[in-house]
Amino acid sequence: MRRAEGKIVPVKEPTEVTYKSQLTNKRDHIEEQCNSLIQDIVQQRGLEKRFRNLLTSHNTTLPTIYTLVKTHKVPEGVDISSMKLEELKVRPIVSCSGSPTEKLAA
């Protein structure tokens, strides 16, 4: 519950659909910005349309972050499956494959 104009108004709990909708909106916004930047560069430099077509993104996904366990950092003789998560040394990986900025980075 929250107050709006002095009245108590029920607030819906966030759902998976809410989060997906926000992420989709953010992804679409980033995609539009990247495509607009590409369009501006192609026009300013007088480049051929094929460059714009090569670099323009459609139906992209947001980058994904995951971790890889540094198995070489596990003490010798210790079973990795018996270790606590806090004890594991990991390397963060960000996969930008299919993201709105992937073609700009290439």
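Quick caveat, the model's predicted, so the values are computed rather than measured.

Student: Is there a simple way to explain the side chain of Glu31 in this structure?
Tutor: With respect to the secondary-structure elements, Glu31 resides in helix α1 (residues 16–45). It turns out Glu31 is buried and unbridged, and the closest side chain with the opposite charge, Arg27, is 4.6 Å from it. Side-chain polar atoms of Glu31 contact the side chain of Thr60, separated by 2.6 Å. Setting aside chain neighbours within four positions, we find Glu31 in contact with Ser57, His58, Asn59, Thr60 and Pro100.

Student: Is there a simple way to explain unusual backbone geometry in this structure?
Tutor: What is expected of a backbone is that most residues other than glycine have negative phi and most peptide bonds are trans. Although it is not a glycine, Asn59 sits at a positive phi angle of roughly 50°. Note that Asn59 resides in the loop between α2 (49–55) and β3 (64–69).

Student: Whenever I open this one, the confidence of the model for the protein confuses me. Can you help?
Tutor: Low pLDDT marks stretches whose predicted atomic positions should not be read closely. Averaged over all residues, the pLDDT of the protein equals 85, while 82% of them reach at least 70. Mean pLDDT across the elements of the protein ranges from a minimum in strand β1 (residues 2–4), with 54, to a maximum in strand β4 (residues 90–95), with 93.

Student: Can you walk me through the pattern of salt bridges in this structure?
Tutor: When their charged atoms lie close together, side chains carrying opposite charge are able to pair. This model, assessed by the stated rule, comprises two salt bridges. We note a salt bridge from Arg27 to Asp28, for which the minimum N-O separation is 2.9 Å. For the salt bridge of Glu48 with Arg50, the shortest nitrogen-to-oxygen distance reads 2.9 Å.

Student: Even after reading the chapter, I still don't get the environment of Pro92, so can you show me in this structure?
Tutor: Position of Pro92 among the secondary structure elements: in strand β4. By relative accessible area, Pro92 is classed as exposed at 57%. When the C-alpha positions of Pro92 and Ile65 are compared, they lie 7.0 Å apart, and in sequence the two are 27 residues distant. Dropping the residues within four chain positions of it, Pro92 is found in contact with Tyr66 and Thr67.

Student: What is the right way to read a nonpolar patch on the surface from this model?
Tutor: There is a patch of nonpolar side chains on the surface, built from Leu37, Ile41, Leu47, Phe51, Leu54, Leu55 and Leu104 and spanning about 560 Å² of accessible area. Elements with a minimum of two residues in the nonpolar patch: α1 and α2. It is α2 that contributes the most residues to the nonpolar patch, three residues altogether. Assignment of secondary structure puts Leu104 in helix α3 (residues 102–105). According to the relative accessible area criterion, Leu104 is partly exposed, its value standing at 37%.

Each value, and the rule that gives it
- Residues numbered from 1 in each chain as written.
- Predicted model: local features only at pLDDT ≥ 70, side-chain atom pairs only at ≥ 80, totals over all residues.
- Heavy atoms only, no water.
- Helix = DSSP H or I, 4+ residues; strand = E, 2+ residues; numbered from the N terminus.
- Buried < 20%, exposed > 50% of the residue type's maximum accessible area, 1.4 Å probe, protein only.
- Lys, Arg positive; Asp, Glu negative; His and termini not counted.
- Salt bridge = Lys/Arg side-chain N within 4 Å of Asp/Glu carboxyl O.
- Polar contact = N/O pair within 3.5 Å; in protein donor to acceptor, adjacent residues only side chain to side chain.
- Contact = heavy atoms within 4.5 Å.
- pLDDT = per-residue confidence, 0-100.
- Patch = residues over 30% accessible without salt bridge, like charges linked within 9 Å, V, L, I, M, F, W, Y side chains within 5 Å.
- Areas by Shrake-Rupley, 256 points an atom, 1.4 Å probe, with all protein chains shown as cover.

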